Amino acid sequence: MRILVVEDDRRLAELLRRGLGAEGFVVELAHDGRGGLHLAVEGAYDVIVLDVMLPGLNGYRVCARLREAGVWTPVLMLTAKDGEYDEAEGLDTGADDYVTKPFSYVALVARLRALVRRGGPERPSTLRVGDLRVDPATRTCHRGSAELSLTAREFAVLEYLARRGGEVVTKHEVLENVWDEAFEGDVNIVEVYVSALRRKIDAPFGRHTIHTVRGAGYRLAAEDTRP
């Protein structure tokens, strides 16, 4: 089993290399974010131990870039920071587990073995509606060969419409699946984002694929047909 340890504390990194080596892992080390990212993209590892506070590129950004590059090796984030928001940030960027320093070495090894048994997460499928491609893994969107620039919320609305491609979805369904449960604003906020999407994914290409179905909601169509 091959493991990459990205840790700037060289003493801790060496202790992990020796300890994990004794457990049967083949261990490679990197001591900064950019070096770790390069090895993780170019190499083939069963699991990656990734410190958060790294020079050059922090662990959150390294993990996010790995997922954007299509690298789905299991990642265990290792940090001296503590708190549910730090953990949530790590998991939101694509990490699979999270351990706070100081940690139990026995527990760390058990977590690593569990991640290896589980394997990497399945890459989310690209959503296709006609020549529109929405990739949830890389958070990118293309109309034909042209890449579209969307805000995070615009992308989330489009992703939901694409998952329901060809179906009519209501404003309330969009709100429930894209906005936070605590959202108490006007349901018509959905109209604002649908209008923005039309300006970005339809208008520049002379298309009309996001249809308003009066009294019902919206439908993302594969063909450029008028409702």
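Residues numbered from 1 in each chain as written. Predicted model: local features only at pLDDT ≥ 70, side-chain atom pairs only at ≥ 80, totals over all residues. Heavy atoms only, no water.

Colleague: Is there a simple way to think about the pairing of strand 1 (residues 2-6) in this case?
Modeller: When you tally the buried positions in strand 1, you get 4 out of 5 residues, the bulk of the element. Pairing of strand 1 with strand 2 (residues 26-30) involves 5 bridges; the strand directions are parallel. Bridge pairing in strand 2 links Ile3 to Val27. Regarding topology, helix 1 (residues 10-22) serves as the crossover connection from strand 1 to the parallel strand 2, and that connection is right-handed. (Buried < 20%, exposed > 50% of the residue type's maximum accessible area, 1.4 Å probe, protein only. Helix = DSSP H or I, 4+ residues; strand = E, 2+ residues; numbered from the N terminus. Pairing = 2+ DSSP bridges. Right-handed = clockwise from strand over helix to strand, strands pointing away.)

Colleague: What is the right way to look at the sheet that holds strand 2 in this model?
Modeller: In sheet architecture, strand pairing relies on hydrogen bonds along the backbone and comes in two forms, parallel and antiparallel. Across the sheet, 5 strands lie side by side as 2-1-3-4-5; this open sheet has parallel pairing. Two strands in the sheet have a free side with no partner beyond their single neighbour: strand 2 and strand 5 (97-100). The mean angle between the axes of side-by-side strands here comes to 20°, regardless of whether they run parallel or antiparallel. Note that strand 1 and strand 3 (residues 47-51) share 4 bridges and pair parallel. Within strand 3, the residue paired with Val5 across the bridge is Val49. The strands touched by helix 1 are strand 1, strand 2 and strand 4 (75-79); relative to strand 2, the strand with the most contacts, the crossing angle is about 170°. (Axes fitted to C-alpha atoms, helices over the stretch in contact; angles between N-to-C directions. Contact = heavy atoms within 4.5 Å.)

Colleague: Mind showing me how you'd approach the pattern of salt bridges here?
Modeller: Between side chains of opposite charge, pairing is possible as soon as their charged atoms come close. Applying the stated criterion across every chain yields a total of 16 salt bridges. We note a salt bridge from Arg113 to Glu23, for which the minimum N-O separation is 3.6 Å. Of the two residues, Arg113 is situated in helix 5 (residues 105-118) and Glu23 in the loop between helix 1 and strand 2; the sequence distance between them amounts to 90 residues. Take Arg113: its relative accessible area is 26%, and that puts it in the partly exposed class. Residues Glu154 and Lys200 are paired through a salt bridge, measuring 2.8 Å at the closest nitrogen-oxygen approach. With Glu154 in helix 6 (residues 152-163) and Lys200 in helix 8 (residues 189-202), this residue pair connects regions lying 46 residues apart in the sequence. Owing to a relative accessible area of 7%, Glu154 belongs among the buried residues under this scheme. Residue Lys200 is classed as partly exposed on the basis of its relative accessible area of 29%. What emerges from the salt-bridge pattern is a single network uniting Asp131, Arg143, Asp202 and Arg207. (Salt bridge = Lys/Arg side-chain N within 4 Å of Asp/Glu carboxyl O.)

Colleague: Just to check I follow, could you spell out the packing of helix 7 (residues 171-178) against helix 8 for this structure?
Modeller: When two helices pack together, their arrangement is given by the angle between the helix axes and by the axis-to-axis distance. It is at 9 Å that the axes of helix 7 and helix 8 come closest, and there the two elements cross at 85°. Put simply, helix 7 runs roughly perpendicular to helix 8. Counting all contacts with helix 7, which are made through Lys171, Val174 and Leu175, the residues of helix 8 involved are Ile189, Val190 and Glu191. Split by residue class, the contact of helix 7 with helix 8 holds 4 nonpolar, no polar and 2 charged. (Parallel < 35°, antiparallel > 145°, perpendicular 65-115°, else oblique. Nonpolar A, V, L, I, M, F, W, Y, C, P; charged D, E, K, R; others polar.)

Colleague: I would appreciate a short explanation of the environment of Val71 in the present structure.
Modeller: Secondary-structure assignment places Val71 in the loop between helix 3 (59-68) and strand 4. Among the residues examined, Val71 registers a relative accessible area of 12% and is labelled buried. With sequence-adjacent residues up to four places away left out, Val71 is seen in contact with Ala40, Val41 and Leu66.

Colleague: Any chance you could explain the packing of helix 1 against helix 5 here in plain terms?
Modeller: Here helix 1 crosses helix 5 at 65°, and the two axes come no closer than 12 Å. The handedness of the crossing between helix 1 and helix 5 is right-handed. Residues Leu16, Gly19 and Leu20 of helix 1 pack against Tyr105, Leu108, Val109 and Leu112 of helix 5. Residues of the contact of helix 1 with helix 5, tallied by class, amount to 6 nonpolar, 1 polar and no charged. (Left-handed = near helix turned anticlockwise from the far one by under 90°.)

Colleague: Explanation requested: the nonpolar core in the structure shown.
Modeller: Here is a general trend for soluble globular proteins: nonpolar side chains tend to be buried in one another's company. Counting 26 residues, the largest nonpolar core has Leu132, Val134, Cys141, Leu158, Val174 and Leu220 as its most contacted members. In terms of residue count, helix 6 provides more of this core than any other element does, 7 residues in total. Formed by 20 residues, the second largest nonpolar core is a distinct cluster that contains Leu57, Tyr60, Cys63 and Val71. (Core = buried A, V, L, I, M, F, W, Y, C linked by side-chain atoms within 4.5 Å.)

Read these as spatial facts, not as claims about activity.
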